[in-house]
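Residue-level listing of the chains:
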Amino acid sequence: MKLRIVIDPDLCIGAASCVTIAPETFQMNMDNKAEIIGPAPSYERILEVNEEEKNTIIMGAQSCPTLAITIFDEDGKQLYPENV
Ligand code: SF4
């Protein structure tokens, strides 16, 4: 399955808990903002993931104190934060 991950660098306060929980997906950049690891690390990326990776990424997003990480499924449905 695919996930689209979006980080709002204006909300990110560099707490790095997302990196602690999902170090294969998130890293800190030189501005002390989280970014998504890839060939060209960025604040938005579509990743192919398995169920375990998906759960880890969502846990990383849930750990963010400022809700700076938003996650969508491949149909564009927002998985986290949950829409109510
Ligand atoms: S947990 Fe949130 S505030 Fe902390 S580094 Fe990750 S995105 Fe930024």
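As shown above, the structure is provided for reference.
The present account deals with the structure reproduced in this document. Every chain is numbered on its own, with residues counted from 1 as its sequence reads. Totals for whole chains, interfaces and linings use every residue, but because this is a predicted model, local features are given only for residues with pLDDT of at least 70 and side-chain atom pairs only at 80 or more, for both listing and counting.

1. Points about the pairing of strand S5 (residues 69-73)
As a reminder, the rule being used: Pairs of strands are assigned from DSSP output, requiring at least two bridges between the strands. Comment: elements are numbered from the N terminus, with helices defined as DSSP H or I runs of at least four residues and strands as E runs of at least two.
The sheet contact formed by strand S1 (residues 2-7) and S5 spans five bridges and is antiparallel. Directly across from Ile5, in S5, lies its bridge partner Ile71. Pairing of S5 with strand S6 (residues 78-80), which is carried by two bridges, proceeds in the antiparallel orientation. For Ile71, the partnering residue across the bridge sits in S6 and is Tyr80. Between S5 and the antiparallel strand that follows it, S6, lie four residues; Gly76 among them carries a positive phi value of about 90°.

2. Side note on the sheet that holds S6
Let me state the cut-off plainly: Fitted lines through C-alpha atoms serve as axes, helices being fitted only where they are in contact, and the angles separating the N-to-C directions of these axes extend from 0 to 180 degrees. Throughout, a residue-residue contact means that the two C-beta atoms, derived from backbone geometry, are no farther apart than 7 Å.
If you walk across this open sheet you meet the four strands as S4-S1-S5-S6, and the pairing is antiparallel. Single-partner strands in this sheet number two, and they are strand S4 (44-48) and S6. If you compare each strand with its neighbour and ignore which way they point, the axes differ by 30° on average. Together, S1, S5 and S6 form the strand contacts of helix H2 (residues 51-62), whose direction differs from that of S5 by roughly 150°.

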